[in-house]
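Spelled out from the first residue to the last, the chains are:
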Amino acid sequence: MIEQIQLFLKDPAKMSRAATILFFVMVVLVTIVLINLQGDLKLAYSGGVENSGAAKVVYAKLFVTVGLAMAFCYAMIFYAQLTKKETIVYIDKKSDSGSVQNGQASNETEDSFKAELLKEKIKSGS
């Protein structure tokens, strides 16, 4: 069990998914807290200013839920950066027999990079 947890924590892709799920759960909780905030504050201040200890609990609940949502948002972005994929495309360099004169290659920059060939390679995925 502990080994499975360690493997889970070492895999950035799984951690990214978990952080994303927890972020959206926290967004729902923050929404619920904000919807109930007005009623909670009315109850907290119904006893007057001397009963402001109850209001501190309401504010603490709000700050904790918003803070956790922000923390999971940061974790989601952090792990998403760790799991990003890069695509590298290799293109074979082709040389024409007419481009070589007297043992020297003429303008190789035109032959070495062809935008159309690059686009085709990216679309084909190879």
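On a predicted model such as this, the values are computed, not experimentally measured, just so you know.

**Student:** Honestly, the overall build of the protein in this entry has me stumped. Any pointers?
**Tutor:** Along the protein, the regular secondary structure elements total five helices and two strands. Order of helices (α) and strands (β) in the protein, N terminus to C terminus: α-α-α-β-β-α-α. Going through the 126 residues of the protein one by one, you find that 15% of them count as buried. For the protein, restricting intrachain contacts to residue pairs at least 6 apart in sequence, the fraction spanning at least 24 positions comes to 63%. With an accessible surface of roughly 10200 Å², the protein has 62% of that area assigned to carbon and sulfur atoms.

**Student:** In this structure, what is going on with the packing of aromatic side chains? I would like to understand it.
**Tutor:** Aromatic ring pairs are described here by two measures, namely the spacing of the ring centres and the angle between the planes. This model, assessed by the stated rule, comprises three aromatic pairs. Seen in terms of ring centroids, Phe 23 and Phe 24 are 5.2 Å apart; in terms of plane orientation they differ by 65 degrees. Their pairing is edge-to-face. Measuring from centroid to centroid gives 6.4 Å for Tyr 59 and Phe 63, while their planes differ by 25 degrees, and the two rings are stacked. Of this pair, Tyr 59 and Phe 63 both sit in helix α3 (residues 52–82), four residues apart, which is roughly one turn of that helix. Look at Phe 63 and you get exposed, because its relative accessible area is 59%.

**Student:** Explanation requested: the nonpolar core in the structure shown.
**Tutor:** A general trend in soluble globular proteins is that nonpolar side chains are found buried together. Membership of the largest hydrophobic core is limited to seven residues, which are Val 33, Leu 37, Leu 41, Ala 44, Ala 55, Val 58 and Leu 62. The set of elements that each furnish at least two residues to this core consists of α2 (12–45) and α3. No other element matches α2, which puts four residues into this core. Among all residues touching Ala 55, those that are not within four sequence positions of it are Ala 44 and Tyr 45. Listed in part, the six residues of the second largest apolar core include Ala 19, Phe 23, Ala 75 and Tyr 79.

**Student:** Looking at this model, I keep getting lost on α2. Mind explaining?
**Tutor:** An α-helical segment advances 3.6 residues per turn. Residues three or four places apart therefore align on the same side. Taking 1.5 Å as the rise per residue, α2 with 34 residues should run 50 Å; its terminal C-alpha atoms sit 46 Å apart, in good agreement. Along α2, the residues classified as buried are Met 15, Ser 16, Ala 19, Phe 23, Met 26, Val 30, Val 33, Leu 37, Leu 41 and Ala 44.

**Student:** Explain a nonpolar patch on the surface here, please?
**Tutor:** A cluster of nonpolar side chains, namely Ile 21, Val 25, Val 28, Leu 29 and Ile 32, defines an oily patch on the protein surface of about 420 Å² accessible area. With respect to the element layout, Ile 32 can be found in helix α2. Residue classification places Ile 32 among the partly exposed residues on the basis of a relative accessible area of 42%.

**Student:** Could you clarify how one ought to interpret the confidence of the model for the protein in this entry?
**Tutor:** Do not read the predicted coordinates in detail wherever pLDDT is low. Scored by pLDDT, the protein comes out at a mean of 75, with 72% of its residues at no less than 70. Mean pLDDT per element in the protein: strand β2 (residues 104–105) is the minimum at 48, and α2 is the maximum at 84. Note that residues 102–106 has pLDDT below 50 and, in this model, three contacts with residues that lie over four places away or in other chains.

**Student:** Would you mind showing me how to read helix α5 (residues 115–124) here?
**Tutor:** For α5, the buried fraction is low: zero of the 10 residues fall into the buried class. Once α5 ends, the next one or two residues include Gly 125, with phi positive near 80 degrees.

**Student:** I'm lost on the packing of helix α1 (residues 2–10) against α2 in this one. Help?
**Tutor:** The angle between the axes and the distance between the axes are what describe a pair of packed helices. Running from amino to carboxyl end, α1 crosses α2 at an angle of 85 degrees, the nearest separation of the two axes being 5 Å. Our classification of the angle between α1 and α2 gives roughly perpendicular. In contact with Phe 8, Leu 9 and Lys 10 of α1, α2 contributes Pro 12, Lys 14, Met 15 and Ala 18. For the contact of α1 with α2, the per-class residue count stands at five nonpolar, no polar and two charged.

Quick notes on the rules
- Residues numbered from 1 in each chain as written.
- Predicted model: local features only at pLDDT ≥ 70, side-chain atom pairs only at ≥ 80, totals over all residues.
- Heavy atoms only, no water.
- Helix = DSSP H or I, 4+ residues; strand = E, 2+ residues; numbered from the N terminus.
- Buried < 20%, exposed > 50% of the residue type's maximum accessible area, 1.4 Å probe, protein only.
- Contact = heavy atoms within 4.5 Å.
- Areas by Shrake-Rupley, 256 points an atom, 1.4 Å probe, with all protein chains shown as cover.
- Phe/Tyr/Trp six-rings, centres within 6.5 Å; stacked < 30°, edge-to-face > 60°.
- Core = buried A, V, L, I, M, F, W, Y, C linked by side-chain atoms within 4.5 Å.
- Expected span 1.5 Å × (residues − 1).
- Patch = residues over 30% accessible without salt bridge, like charges linked within 9 Å, V, L, I, M, F, W, Y side chains within 5 Å.
- Salt bridge = Lys/Arg side-chain N within 4 Å of Asp/Glu carboxyl O.
- pLDDT = per-residue confidence, 0-100.
- Axes fitted to C-alpha atoms, helices over the stretch in contact; angles between N-to-C directions.
- Parallel < 35°, antiparallel > 145°, perpendicular 65-115°, else oblique.
- Nonpolar A, V, L, I, M, F, W, Y, C, P; charged D, E, K, R; others polar.

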